Amino acid sequence: DLGQINLVSTVEGAVERLIAEVKEMAALEHTVGIKQNTSKWQIMANFVGKRRNIDTTDFNQRVRELWPTAKIGPTALHLGARYQADGGNDAELAARIESAKTAWSKMGGLWAASEIPLTHKLMVYKALVRSALVSGLSARVLRTSELKRLEIEQMKYLRRIMQGDALGHTNKMVRAFLKCPTVPS
């Protein structure tokens, strides 16, 4: 995967930069044997100022004309991480939460099985579910509200692991009992 960020101030500058990069990659193709697959291209633009929406629309239209198979939008996926043109984390958080739900579901009846010790369930939780929930997020700057969203998800799972034993206890008490850190820690 190749990820690249270009800083330009105009639509024309952005299109010219993409054209130059296509030419550079074509030269590499002959030298090294690397070939681009434009149908896998993901391009997102984030213009600023009063003309922001107009410039974004113009840019997207130009890119569609030049590379009709490229995916153009407000998000891009690179090496498993989702990036948003507005700099937000909503797409990545939604993916992390979904990934944690999938990991939880794959373990099926483990969570309700009374014959499996709580310590074993917690090891599985930390290895599969928690790691899916927070994987890759340490490299991001998360808002307090985003950390809270992740913490709420984590507490749902921790309380389910404890089953009815978590009733009447604070989240802090549940985390302390299970020896599970908060999301930001």
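Residues numbered from 1 in each chain as written. Predicted model: local features only at pLDDT ≥ 70, side-chain atom pairs only at ≥ 80, totals over all residues. Heavy atoms only, no water.

Asker: So what about the overall build of the protein? Which residues, and what values?
Answerer: Across its full length, the protein carries six helices and four strands. When the helices and strands of the protein are listed from N to C terminus, the series reads α-β-α-β-β-β-α-α-α-α. Here the C-alpha atoms of the protein give a radius of gyration of 22 Å, more than 25% beyond the 16 Å that 2.2 N^0.38 yields for 185 residues. With respect to the principal axes defined by its C-alpha atoms, the protein has extents near 60 × 40 × 25 Å. (Helix = DSSP H or I, 4+ residues; strand = E, 2+ residues; numbered from the N terminus. Rg over C-alpha atoms; globule rule 2.2 N^0.38 Å.)

Asker: Explain helix 1 (residues 11–32) to me, and be specific about the residues and the numbers.
Answerer: Its 22 residues place the ends of helix 1 31 Å apart at the C-alpha level, agreeing with the 32 Å of an ideal helix rising 1.5 Å per residue. Among the residues of helix 1, those classed as buried are Val-11, Gly-13, Ala-14, Val-15, Leu-18, Glu-21 and Met-25. Against strand 1 (42–43) and helix 2 (52–66) lie the buried residues of helix 1. A positive backbone phi angle near 90° is found at Gly-33, which sits one or two residues after helix 1. (Expected span 1.5 Å × (residues − 1). Buried < 20%, exposed > 50% of the residue type's maximum accessible area, 1.4 Å probe, protein only. Contact = heavy atoms within 4.5 Å.)

Asker: Just give me the short version of the side chain of Glu-92, but keep the residues and values in it.
Answerer: Examined against the element boundaries, Glu-92 turns out to sit in helix 3 (residues 90–106). Looking at Glu-92, the relative accessible area reads 3%, which means it is buried. Discounting residues that sit within four places of it in the chain, Glu-92 has contacts with Gly-80, Ala-81, Arg-82, Gln-84, Leu-137 and Arg-140.

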